[in-house]
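# Observations on the model geometry
Now for the letters of each chain:
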Amino acid sequence: MTRDESERLDLYITPEYPCGYISGRMARTVFVDPELVMDSRLYTLLATHGFRRNGPNVYKPHCEGCRACVPLRVPVAEFRPDRGQQRVWKRNRDIRVSLHDAMSQPEHFALYKRYLETRHPGGGMDGSGEPEYTHFLMNPWGRTRMLVMHAGDTLAAVAVMDELDDALSAVYTFFDPDMGRRSLGTFAILWQIEEARRRGLEWLYLGYWIAESRKMAYKDRFRPFERLGADGWQRGT
C-alpha cells in the first residue's frame, strides 16, 4: 500500500491477545509504523483498505483464521432511513447539535465516565482517566471534530468524528445513560450521514461490523452499506 508509487508503509503485528468482542477467541492487530508521518490524505487512503485509528495509531485486525471484523461504510447519497430510524430522528428533533474542534473538556470527560460505568462496566475502559480518554479519541495529525448534542441545557451526547478527503468517519459516541430511550447512538450516525451528504462527501465509515458481537452488530441496519472483503468493497444485503 502506498501514498504514491514510491512510498511504502512498514506494518507491525501484535502477539495474540484475548478478543474483546467474541468470547474464547484470540486476536491480533496490525499497526502502521507509528513513526510514519501521518496526515488526512494518507489516512483517507488507509480507510479504503479497512484501517481505523485509535488515538494517533492506525490499525486493523489481522486474526489467524478469523474474518469476523468487517469494515463497513455507508454510501450517503443512497442511504434511506428505515421506519425505526425515522422515529429516532423525530424523537430527537429537540436536540441542539454543534460542531467543535476536538479537545478535552471536563464536561465531556465526566459524561464519558458515566457512560462507560453504566453501559460498559468491567469492559476494560471504565477505569481509564482523562489522559487515556484524550489519547483514545484525539489525534495530532487528523481533522477530528466533536459533535456535541444538548437537550435544553443538558449535555446529552458527544460523537467524535474524523473528516477524511471524501468521507466522514465515525470514531466513537457516548451519551447520557438516563437518555437511553432517545437512541442517541443511532441519532449520531444519522446526523453524520446527513452531514456527509450536505458536504458532498461519498461515505460515512462506521468501523468494524461484527455479526457475533451484540455491541457491534447494529451497524448493518444503516442501508445500503458496503463491506470490505477479499474482492474489495461490495454492496451488503
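In the block above lies the structure referred to throughout.
First, a word on scope: everything that follows refers to the structure included in this document. Remember, it's a predicted structure, so these values are computed and weren't measured experimentally.

How each quantity is defined
- Residues numbered from 1 in each chain as written.
- Predicted model: local features only at pLDDT ≥ 70, side-chain atom pairs only at ≥ 80, totals over all residues.
- Heavy atoms only, no water.
- Core = buried A, V, L, I, M, F, W, Y, C linked by side-chain atoms within 4.5 Å.
- Buried < 20%, exposed > 50% of the residue type's maximum accessible area, 1.4 Å probe, protein only.
- Helix = DSSP H or I, 4+ residues; strand = E, 2+ residues; numbered from the N terminus.
- Contact = heavy atoms within 4.5 Å.
- Axes fitted to C-alpha atoms, helices over the stretch in contact; angles between N-to-C directions.
- Parallel < 35°, antiparallel > 145°, perpendicular 65-115°, else oblique.
- Nonpolar A, V, L, I, M, F, W, Y, C, P; charged D, E, K, R; others polar.
- Patch = residues over 30% accessible without salt bridge, like charges linked within 9 Å, V, L, I, M, F, W, Y side chains within 5 Å.
- Areas by Shrake-Rupley, 256 points an atom, 1.4 Å probe, with all protein chains shown as cover.
- Salt bridge = Lys/Arg side-chain N within 4 Å of Asp/Glu carboxyl O.
- Lys, Arg positive; Asp, Glu negative; His and termini not counted.
- Charge placed at Lys NZ, Arg CZ, Asp CG, Glu CD.
- Pairing = 2+ DSSP bridges.
- Disulfide = S-S within 2.5 Å.

With 45 residues, the main nonpolar core has Leu137, Tyr172 and Phe174 as its most contacted residues. Elements represented by at least two residues in this core include exactly α3 (106-119), α4 (130-137), β9 (144-151), β10 (154-163), β11 (167-175), α5 (184-198) and β12 (203-209). Not counting chain neighbours up to four residues away, the residues in contact with Phe174 comprise His108, Leu111, Tyr112, Tyr115, Tyr133, Leu137, Ala157 and Val158. In terms of nonpolar packing, the next biggest core, distinct from the first, is built from 17 residues, Ala47, Leu164, Ala167 and Tyr205 among them.

The next point concerns the packing of helix α2 (residues 83-91) against α5. Two quantities define a packed helix pair, namely the angle between the helix axes and the distance between the axes. Two elements in contact, α2 and α5, have axes whose closest approach is 9 Å; the angle formed by their N-to-C orientations is 90 degrees. For the element pair α2 / α5, the angle class is roughly perpendicular. Where α2 approaches α5, its residues Gln85, Val88 and Trp89 are matched on the opposing element by Thr186, Phe187, Leu190, Trp191 and Glu194. Here the residues of the contact of α2 with α5 sort into 5 nonpolar, 2 polar and 1 charged.

A cluster of basic residues, Arg83, Arg87, Arg91 and Arg181, forms a positive patch at the surface. You can see Arg87 is positioned in helix α2. The exposure class of Arg87 is exposed, given its relative accessible area of 52%.

To continue, consider the packing of α3 against α4. At their nearest, the axes of α3 and α4 sit 11 Å apart, and the two run at 95 degrees to each other. On the basis of the axis angle, α3 is roughly perpendicular to α4. Listed contacts from α4 to His108, Phe109 and Tyr112 of α3 are Glu130, Tyr133 and Phe136. Considering only residue class, the contact of α3 with α4 consists of 4 nonpolar, 1 polar and 1 charged.

With that settled, the discussion passes to the pairing of β12. Each regular strand carries side chains that alternate between the two faces of the sheet. Counting buried residues in β12 gives 7 out of 7 residues, a clear majority hidden from the surface. Pairing between strand β7 (residues 70-75) and β12: 6 bridges, direction antiparallel. Each residue of the ladder has a partner; that of Pro71, found in β12, is Tyr208. As paired strands, β11 and β12 are joined by 3 bridges and run parallel to one another. When the sheet's bridge partners are listed, Ala167 is paired in β12 with Trp203.

Before going further, it helps to examine the state of the cysteines. This structure, assessed with the given rule, holds 0 disulfides. The thiol of Cys19 is unpaired, and the distance to the nearest cysteine sulfur, on Cys69, comes to 6.2 Å. We note that Cys69 lacks a disulfide partner, and the nearest cysteine sulfur, in Cys63, lies 6.0 Å from it. The partly exposed category is assigned to Cys69, whose relative accessible area is 28%.

So, about the sheet that holds strand β1 (residues 11-13). Taken in spatial order, the 4 strands make up an open sheet running β1-β4-β6-β5, and their pairing is antiparallel. The sheet is open, and its two edges are formed by β1 and β5 (52-54), each paired on a single side. Across the sheet, the mean angle separating the axes of adjacent strands is 40 degrees when strand polarity is ignored. Bridging between β1 and strand β4 (residues 29-32) involves 3 bridges; their strand directions are antiparallel. When the bridges of β4 are listed, Ile13 appears paired with Val30.

Two side chains that carry opposite charge are able to pair once their charged atoms sit near each other. Tallied over the entire structure, the rule returns 16 salt bridges. A salt bridge links Arg114 to Asp178; its shortest N-O distance comes to 3.8 Å. Within this pair, whereas Arg114 is found in helix α3, its partner Asp178 is found in the loop between β11 and α5, the two being separated by 64 residues in sequence. Three or more residues joined by partner-sharing salt bridges are found here, namely Asp101, Arg143, Arg145, Glu163, Asp165, Glu195, Arg198 and Arg199.

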